[in-house]
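Below are the chains, spelled out letter by letter.
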Amino acid sequence: TRGARLKATPMARAPGQRAREMRPFAGEVEALVAQTRRFTEQRLVVTTSDVLAPLIFRALAKARLPKVEVRVSDAVAELVPGSVDVALRPVHEPRGGLRGRRLGRLRLGVFRAAGGDDAWVLPSASLREKRSMRWWRAVPADAAARVSCDSLLAMRDACAAGLGRAVLPVFLATPALRLERALEDTTPVWLLAAPARSDAARALRDGLAVALRALDDVWA
């Protein structure tokens, strides 16, 4: 507004007032983002299933990597740097443009408890449909069974209780189970990775891969 001196109109002053109110909040958001960025640069976020989670923990005990967050889920998570850095999954070939390292093939076998039933502990239909678990071919099509389960851990426990034979990864076997025969048709395990955020993140990822490959009684 023209006069003895120029003055801002009410329309000009209204956004300015709101901007002044927003300024401290904007500063807080900037500080939070910077803090989160510093934090995520120093940690590795790993996702895997409940079956493979013991491998992650055994590898971490060997490698002693700092600030590793493990998210246990059967859901396939999107690999986003800082959100999910790596995924340990049993897959024959990664899909969707995913990249990573093939750590090896799981050692698999047919197990039974001492004095256990000659029948089988069968996988449920949903478990049998998983493409990563082709080892169900080792179970006879006409196998007699007293129980079926929808998870490998439940199958192991049923087998240990004497309810029948079960096909299991060797590392899941308990002292109560004995190996009847090893399987040749095994499943590859991959450590799938998002693009490394920094040299520190890349070093953590590489250290985890080395520690996983060095585990005993896991790889065929």
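Our subject is the structure that appears above.
Residues numbered from 1 in each chain as written. Predicted model: local features only at pLDDT ≥ 70, side-chain atom pairs only at ≥ 80, totals over all residues. Heavy atoms only, no water.

A. Geometry of the state of the cysteines. Taken as a whole and assessed by the stated rule, the structure comprises zero disulfides. Sulfur of Cys149: no disulfide; nearest cysteine sulfur belongs to Cys159 and is 10 Å away. Overall, the relative accessible area of 10% leaves Cys149 in the buried class. Here Cys159 falls in the buried class, since its relative accessible area comes to 0%. (Disulfide = S-S within 2.5 Å. Buried < 20%, exposed > 50% of the residue type's maximum accessible area, 1.4 Å probe, protein only.)

B. Spotlight on the sheet that holds strand β5 (residues 108-113). Spatially, three strands are ordered β8-β5-β9 in an open sheet, and the strand pairing comes out antiparallel. With partners counted over all chains shown, the strands left at the sheet margins are β8 (166-169) and β9 (177-182), one partner each. Put simply, the sheet's adjacent strands are angled 45° from each other on average, direction ignored. Sheet strands touched by helix α4 (residues 152-160): β5, β8 and β9. Its angle to β8, the strand with the most contacts, is close to 125°. (Pairing = 2+ DSSP bridges. Helix = DSSP H or I, 4+ residues; strand = E, 2+ residues; numbered from the N terminus. Axes fitted to C-alpha atoms, helices over the stretch in contact; angles between N-to-C directions. Contact = heavy atoms within 4.5 Å.)

C. Expanded view of the pattern of salt bridges. Applying the stated criterion to the full structure yields eight salt bridges. With a closest N to O distance of 2.8 Å, Glu69 and Arg71 form a salt bridge. Here Glu69 falls in the partly exposed class, since its relative accessible area comes to 28%. Across the pair Asp117 and Arg146 runs a salt bridge, and its minimum N-O distance is 3.3 Å. (Salt bridge = Lys/Arg side-chain N within 4 Å of Asp/Glu carboxyl O.)

D. Quick peek at the environment of Pro54. By secondary structure assignment, the location of Pro54 is in helix α2 (residues 53-63). Note: C-alpha distance between Pro54 and Leu172 (118 residues apart in sequence) is 8.7 Å.

E. Spotlight on a positive patch on the surface. A grouping of Arg102, Arg105, Arg131 and Arg134 is seen on the molecular surface, where their side chains present a positively charged patch. Position of Arg131 among the secondary structure elements: in the loop between α3 (125-128) and β7 (145-149). What makes Arg131 exposed here is its relative accessible area of 57%. (Patch = residues over 30% accessible without salt bridge, like charges linked within 9 Å, V, L, I, M, F, W, Y side chains within 5 Å. Areas by Shrake-Rupley, 256 points an atom, 1.4 Å probe, with all protein chains shown as cover. Lys, Arg positive; Asp, Glu negative; His and termini not counted. Charge placed at Lys NZ, Arg CZ, Asp CG, Glu CD.)

F. Representation of the nonpolar core in the model. Core analysis: the largest hydrophobic core is formed by 49 residues, its most contacted members being Leu88, Trp136, Leu152, Met155, Leu208 and Leu212. With five residues, the top contributor of residues to this core is helix α5 (residues 199-213). Those residues in contact with Leu88, other than ones at most four positions away along the chain, are Thr47, Thr48, Ser49, Leu52, Leu55, Ile56, Leu103, Val189, Trp190, Leu191 and Leu212. Grouped together as the second largest cluster of nonpolar side chains are seven residues, Leu79, Val84, Leu192 and Ala194 included. (Core = buried A, V, L, I, M, F, W, Y, C linked by side-chain atoms within 4.5 Å.)

G. Representation of the sheet that holds strand β10 (residues 188-193). As summarised here, the arrangement of the five strands in space is β2-β1-β3-β10-β4, forming an open sheet in which the pairing is mixed. Lying at the two open borders of the sheet, with one neighbouring strand each, are β2 (68-72) and β4 (99-105). Averaged over neighbouring strand pairs, the angle between their axes works out to 20° when direction is ignored. Bridging between strand β1 (residues 44-48) and β2 involves five bridges; their strand directions are parallel. Its bridge partner lying in β2, Thr47 is registered against Arg71. The sheet strands contacting α5 are β1, β3 (86-90), β4 and β10, and the helix crosses β4 at an angle near 15°.

H. Structural detail: the pairing of β5. Burial of β5 is extensive: six of the six residues sit out of reach of the surface. Residues of β5 alternate between two faces, with Leu108, Val110 and Arg112 on one and Gly109, Phe111 and Ala113 on the opposite face, all of them buried. In this structure, β5 lies alongside β8, joined through four bridges in antiparallel fashion. Its bridge partner lying in β8, Val110 is registered against Val167. Bridge count between β5 and β9: five bridges; the pairing is antiparallel. Residue Val110 lies in a different strand from β9, and its bridge partner there is Arg181.

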